[in-house]
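So the chains spell out like this:
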Amino acid sequence: GYNVDTLTVQNVGSYNGGFLSKYDSIGNPLWYFSIPSPGNGHVGVQEISIDQSENVFAGVRFVDNTDFDPSPTNTALLNTYFFGTQHFALAKYSAQGTYEWAFYMEGLYLWDIHNSSSGDVYVCGDIKSDTVDFDPDPIGTFPVLSLIHI
């Protein structure tokens, strides 16, 4: 994490970025950082969940390429192929606010995140496309099938 007295958000575009922060039990900031918006993009943290080790899982809405690593020396850029289109990412940060991983899910709108006692992560939301990519592997997507209930 990044412990500074003032957080300066580095947004290049016309919209603001998202942020994550952690406070102790009496309200003192332990760490905080921004997820900046590049160009004319937009970033917003929609949902968070905390596991038993206090790792933070964040559901992030973003448009265009976005750097999810708050470190000033590293970059974790999620490249999207459809600029101007809203995407959702799942990102993991340690209990100290250090970036661990992130991937985006094309064609989905994320609503909620939960963690199980065994360490699994559950994500739910809406399908917003005819093709959805649930797998962070860059190869392949899964067609959405309509289900008819009788």
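Nothing here was measured: the structure is a model prediction, and the numbers come from that model. (Residues numbered from 1 in each chain as written. Predicted model: local features only at pLDDT ≥ 70, side-chain atom pairs only at ≥ 80, totals over all residues. Heavy atoms only, no water.)

## Notes on the packing of aromatic side chains
The test is simple: Pairing of aromatic rings covers Phe, Tyr and the six-membered ring of Trp, with a centre-to-centre limit of 6.5 Å; geometry is then stacked below 30 degrees between planes, edge-to-face above 60, and tilted otherwise.
Per the stated rule, a full pass over the model turns up 5 aromatic pairs. Put simply, the rings of Trp31, Phe33, Tyr93 and Tyr99 touch in pairs and so form one group of aromatic residues.

## Considering the pattern of salt bridges
Just so we agree on the cut-off: Salt bridges are defined by distance alone: a side-chain nitrogen of Lys or Arg within 4 Å of a carboxyl oxygen of Asp or Glu. Only runs of H or I of at least four residues qualify as helices and only runs of E of at least two qualify as strands under DSSP, and these elements are numbered from the N terminus. Remark: exposure states derive from per-residue accessible area (1.4 Å probe, protein chains only) relative to the maximum for the residue type, with buried under 20%, exposed over 50%, and partly exposed in between.
According to the stated counting rule, one finds 2 salt bridges in the structure shown. Here Lys22 makes a salt bridge to Glu54, at a shortest N to O gap of 3.1 Å. Of this pair, Lys22 sits in strand S1 (residues 18-23) while Glu54 sits in the loop between strand S3 (42-50) and strand S4 (56-63), placing them 32 residues apart in sequence. The class of Lys22 is partly exposed, set by a relative accessible area of 23%. Exposure remark for Glu54: the relative accessible area of 44% places this residue in the partly exposed category. The salt bridge involving Glu100 is made with Lys92; its shortest N-O contact spans 3.5 Å. Glu100 gets classed as partly exposed once you look at its relative accessible area, which sits at 39%.

## Quick look at the pairing of strand S7 (residues 86-93)
Threshold: Following DSSP output, two strands are said to pair if at least two bridges run between them.
Of all 8 residues making up S7, 7 are buried, and the element is well covered by its neighbours. Sheet topology places S4 next to S7; 8 bridges connect them, and they run antiparallel. Opposite Val56, over in S7, you have Tyr93 as the bridge partner. As paired strands, S7 and strand S8 (residues 99-105) are joined by 6 bridges and run antiparallel to one another. The residue bridging Tyr93 from the neighbouring strand is Tyr99, located in S8. In this antiparallel pair of consecutive strands, S7 and S8, the connection spans 5 residues, and Gly97 shows a positive phi of 90°.

## Some words on the confidence of the model for the chain
Caution applies to low-pLDDT regions: their predicted coordinates should not be interpreted in detail. For clarity, the threshold we go by: A score from 0 to 100, pLDDT tells how confident the predictor is in each residue. We call two residues in contact whenever any of their non-hydrogen atoms come within 4.5 Å of each other.
Residues at a pLDDT of 70 or more form 67% of the chain, whose mean pLDDT is 76. Mean pLDDT per element in the chain: strand S12 (residues 142-143) is the minimum at 52, and S1 is the maximum at 91. Taken as a whole, residues 146-150 scores under 50 in pLDDT and shows 0 contacts with residues more than four places along the chain or in a different chain.

## Observations regarding the environment of Ile127
Relative to the elements of secondary structure, Ile127 occurs in strand S10 (residues 121-127). Since its relative accessible area comes to 45%, Ile127 is described here as partly exposed. Counting along the chain gives 17 residues from Ile127 to Leu110, while the straight-line C-alpha distance between them is 8.8 Å.

## Observations concerning the sheet that holds S8
Put simply, the test is: All axes are obtained by fitting lines to C-alpha atoms, using only the stretch in contact for helices, and the reported angles, taken between N-to-C directions, cover 0 to 180 degrees.
In spatial order, the strands read S3-S4-S7-S8; together these 4 strands make up an open sheet with antiparallel pairing. Across the chains shown, the open sheet's two edge strands, defined by having one partner strand only, are S3 and S8. Along the sheet, successive strands turn relative to each other by an average axial angle of 20°, direction set aside. Pairing analysis gives 8 bridges linking S3 to S4, with the strands arranged antiparallel. Along S4, the bridge assignment pairs Val43 with Phe62.

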